Amino acid sequence: TQRDHDPVNSFKDRIGIDFGARLPIEEAIAWSARNKVGVIDVRLGDTGNAFEDFDGKRIDAVRRSVESQGLRLGLHTLSAVNVAETAPFLREAVEEYLRRYIELAKPLGADWIVMHGGFHFTGDYARRMETGIQRLQSLGDHAQKHGIRLLLENMNPEPADAEVRYLACDVEECRAYFDRLDPAIYGWTYTVNHAHMLPVGIRGFFDAFGAARMEEVRLADNRGDKEEHLRPGEGTIDFEDTFALIEQAGYRGHYMLAYGTIEEMREGRDELAARAVRAGIATA
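What you are looking at is a predicted structure, and each value in this text was computed from that prediction instead of being measured. (Residues numbered from 1 in each chain as written. Predicted model: local features only at pLDDT ≥ 70, side-chain atom pairs only at ≥ 80, totals over all residues. Heavy atoms only, no water.)

Considering the packing of aromatic side chains
Scanning the entire structure with this criterion turns up 19 aromatic pairs. Consider the rings of Trp-188 and Phe-205, whose centres lie 6.0 Å apart with planes at 35°: the pair is tilted. Of this pair, Trp-188 sits in strand 8 (residues 186–191) while Phe-205 is found in helix 8 (residues 201–209), placing the two residues 17 residues apart along the sequence. There is no split in this pair, since Trp-188 and Phe-205 are both buried. (Phe/Tyr/Trp six-rings, centres within 6.5 Å; stacked < 30°, edge-to-face > 60°. Helix = DSSP H or I, 4+ residues; strand = E, 2+ residues; numbered from the N terminus. Buried < 20%, exposed > 50% of the residue type's maximum accessible area, 1.4 Å probe, protein only.)

As structure tokens, then:
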């Protein structure tokens, strides 16, 4: 049966938890049911969620649990797997990794998969970006056949002297990807803590793309100078202003916490719901 939601905490109900690879998917679902968390992300491929362990029996059991709890499940691929890989053998492995996600998603009861743009090594920027975009286009065709929604995440900048850097990081790069990825297949996962590290900031990045394509908002705190996943209040992000910005643009999708421990994220749902009240976008 569909899990009941507390109407007083409707904003809190929209705040989910990214379990990553912390728990096997069954345990993540059970924990979410006990703690009244209605939306989660899970990473496949390791820590109890190895691809080869998902036989028909396990897949069916996971899907039944998702459906019985009224849970919204997403899958989040590993950003360390380079979508922009060009080397022989490795490029085939990357494609197989991502295709397995796509083929498992619907049978498991997932609604979306978060993808990444890949990374480059400074000297091969243009070639890597082109490879990443083309690979995501190809995977999009595969996802459409399997009836699964894909979301592209904006990634964090690396230090200026770093040799390895993520793609789809700043506004210009993300626009290059989104201009060539079919919006009927690809939405946007807006990671505000990554935008906080850029000169345009959270507001400027959001203004560049708006809410139309945005289907998930990922939340953690940082100090704006390096990639950290801190608890809200430990960094310098203004969450009240961020919530007001996004909600006033008409966004009614979910938020996804990605920092610390599972218990810290459970506590963070209460804290961030209270901040939404202070921002005037939710009732106490």
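A few points about the state of the cysteines
Any covalent bond linking the sulfur atoms of two cysteines counts as a disulfide. Per the stated rule, a full pass over the model turns up zero disulfides. Here Cys-169 is not cross-linked by a disulfide; its sulfur's nearest cysteine counterpart is in Cys-174, at 7.2 Å. Note on Cys-169: relative accessible area 6%, which makes it buried. (Disulfide = S-S within 2.5 Å.)

Section: the sheet that holds strand 8
By way of backbone hydrogen bonds, the strands of a sheet pair with one another, either parallel or antiparallel. Pairing is parallel in the closed barrel, where eight strands are placed in the order 1-2-3-4-6-8-9-10. This sheet shows a mean twist of 30° between the axes of neighbouring strands, independent of strand direction. Looking at chain direction, strand 1 (residues 15–18) and strand 2 (residues 39–42) are connected through two bridges and run parallel. When the bridges of strand 2 are listed, Ile-17 appears paired with Ile-40. The strands that helix 8 touches are strand 8 and strand 9 (214–219); relative to strand 8, the one it contacts most, it runs at about 170°. The strands touched by helix 9 (residues 239–248) within the sheet are strand 8, strand 9 and strand 10 (254–257), with strand 9 carrying the most contacts at an inclination of about 180°. (Pairing = 2+ DSSP bridges. Axes fitted to C-alpha atoms, helices over the stretch in contact; angles between N-to-C directions. Contact = heavy atoms within 4.5 Å.)

Things to note about the pattern of salt bridges
Using the criterion set out here, one finds 26 salt bridges in the structure. Put simply, Glu-240 and Arg-278 hold a salt bridge, and the shortest N to O gap is 3.2 Å. Here Glu-240 is found in helix 9, whereas its partner Arg-278 is found in helix 10 (residues 262–278), with 38 residues between them in sequence. One continuous salt-bridge network, built from bridges that share partners, spans Asp-18, Asp-41, Glu-153, Glu-216 and Arg-218. (Salt bridge = Lys/Arg side-chain N within 4 Å of Asp/Glu carboxyl O.)

Observations regarding the pairing of strand 6 (residues 149–153)
Judged by how many residues are buried, strand 6 sits mostly within the fold: five of five residues are covered. Residue alternation in strand 6 divides its side chains into two sets, Arg-149, Leu-151 and Glu-153 and Leu-150 and Leu-152, and both sets are buried. The sheet contact formed by strand 4 (residues 110–115) and strand 6 spans four bridges and is parallel. Counted as the bridge partner of Trp-112 is Arg-149 from strand 6.

Re the pairing of strand 9
Across the six residues of strand 9, five count as buried, placing the element largely inside the fold. Pairing of strand 8 with strand 9, which is carried by four bridges, proceeds in the parallel orientation. Note that in strand 9 the partner of Trp-188 across the bridge is Met-214. The sheet contact formed by strand 9 and strand 10 spans four bridges and is parallel. By the bridge assignment for strand 10, Val-217 is matched with Tyr-255.

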